[in-house]
Structures are given as structure tokens and as C-alpha cells.
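So the chains spell out like this:
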Amino acid sequence: MHQYKEKLEEIVKERTIELTRANEQLSMEISRRKKVEKDLENNVYFLKTLLDAIPSPVFYRNLEGIYQGCNDKFSRKILSKVMLI
């Protein structure tokens, strides 16, 4: 009976070590993903600021050709035309 208890304790210990390592890897992956997400947010902010600084109307599409947005100059131009209608 004692040997079964020792074997079970050894199995629990090994599994705990495996799960601890897996948890550490997941924590590192989450940290990396959060950093990438923050970098992407910063890039989007930079690009929006850059687009709004362009004095000409600009709109942009994704690779499938779907319109994604525009700068302030473009939106003001479109809104002024809509208001005239």
C-alpha cells in the first residue's frame, strides 16, 4: 500500500512540474501577444495621425478592396457635399 502512495505522489509531482512549465509558457505567450497588440495600436494611431495631417482628401481600402476609412479632409469633403443635397 505504501508503494502505491509513493508512486501516486511521484506522478502528482511530475504532473505538477509539467503544468507549471506549461503555465509559464502560456504566461510568456500572453505577454508577447500583449506587446504585439500594443505595438499595433501605436502603429494604427501613428498612421491615422499621419493621414489626418495630409492636406488632401485620402481614403484607404484593404487588400480585398473594401473601404476601411479616410482622413479628416476626405470626411469633411464628403459631409459638405451630403449637407448640400
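Quick look at the structure, then. (Residues numbered from 1 in each chain as written. Predicted model: local features only at pLDDT ≥ 70, side-chain atom pairs only at ≥ 80, totals over all residues. Heavy atoms only, no water.)

## Section: the pattern of salt bridges
Working step 1: Using the criterion set out here, one finds four salt bridges in the structure.
Working step 2: The shortest N-O distance in the salt bridge between Arg 15 and Glu 18 comes to 3.0 Å. With Arg 15 and Glu 18 both in helix H1 (residues 2-53) and three residues apart, the pair spans about one turn of that helix.
Working step 3: Take Glu 18: its relative accessible area is 43%, and that puts it in the partly exposed class.
Working step 4: One salt-bridge network, in which partners are shared between bridges, spans Glu 29, Arg 32 and Arg 33. (Salt bridge = Lys/Arg side-chain N within 4 Å of Asp/Glu carboxyl O. Helix = DSSP H or I, 4+ residues; strand = E, 2+ residues; numbered from the N terminus. Buried < 20%, exposed > 50% of the residue type's maximum accessible area, 1.4 Å probe, protein only.)

## Let's talk about a nonpolar patch on the surface
Working step 1: Residues Phe 46, Leu 47 and Leu 50 make up a contiguous nonpolar surface patch of about 310 Å² in total accessible area.
Working step 2: Relative to the helices and strands, Leu 47 resides in helix H1.
Working step 3: According to the relative accessible area criterion, Leu 47 is partly exposed, its value standing at 46%. (Patch = residues over 30% accessible without salt bridge, like charges linked within 9 Å, V, L, I, M, F, W, Y side chains within 5 Å. Areas by Shrake-Rupley, 256 points an atom, 1.4 Å probe, with all protein chains shown as cover.)

## Details of the environment of Asp 52
Working step 1: Relative to the elements of secondary structure, Asp 52 occurs in helix H1.
Working step 2: The spacing of Asp 52 and Cys 70 is 18 residues in sequence and 8.4 Å in space, taken between C-alpha atoms.
Working step 3: Within the structure, Asp 52 has its side chain in polar contact with the backbone nitrogen of Asp 72 (distance 2.8 Å). (Polar contact = N/O pair within 3.5 Å; in protein donor to acceptor, adjacent residues only side chain to side chain.)

## Digging into the pairing of strand S2 (residues 67-70)
Working step 1: Pairing between strand S1 (residues 59-61) and S2: three bridges, direction antiparallel. Bridged to Phe 59 within S2 is Cys 70.
Working step 2: In this structure, the hairpin formed by S1 and S2 is closed by a connection of five residues, where Gly 65 is found at a positive phi of approximately 85°. (Pairing = 2+ DSSP bridges.)

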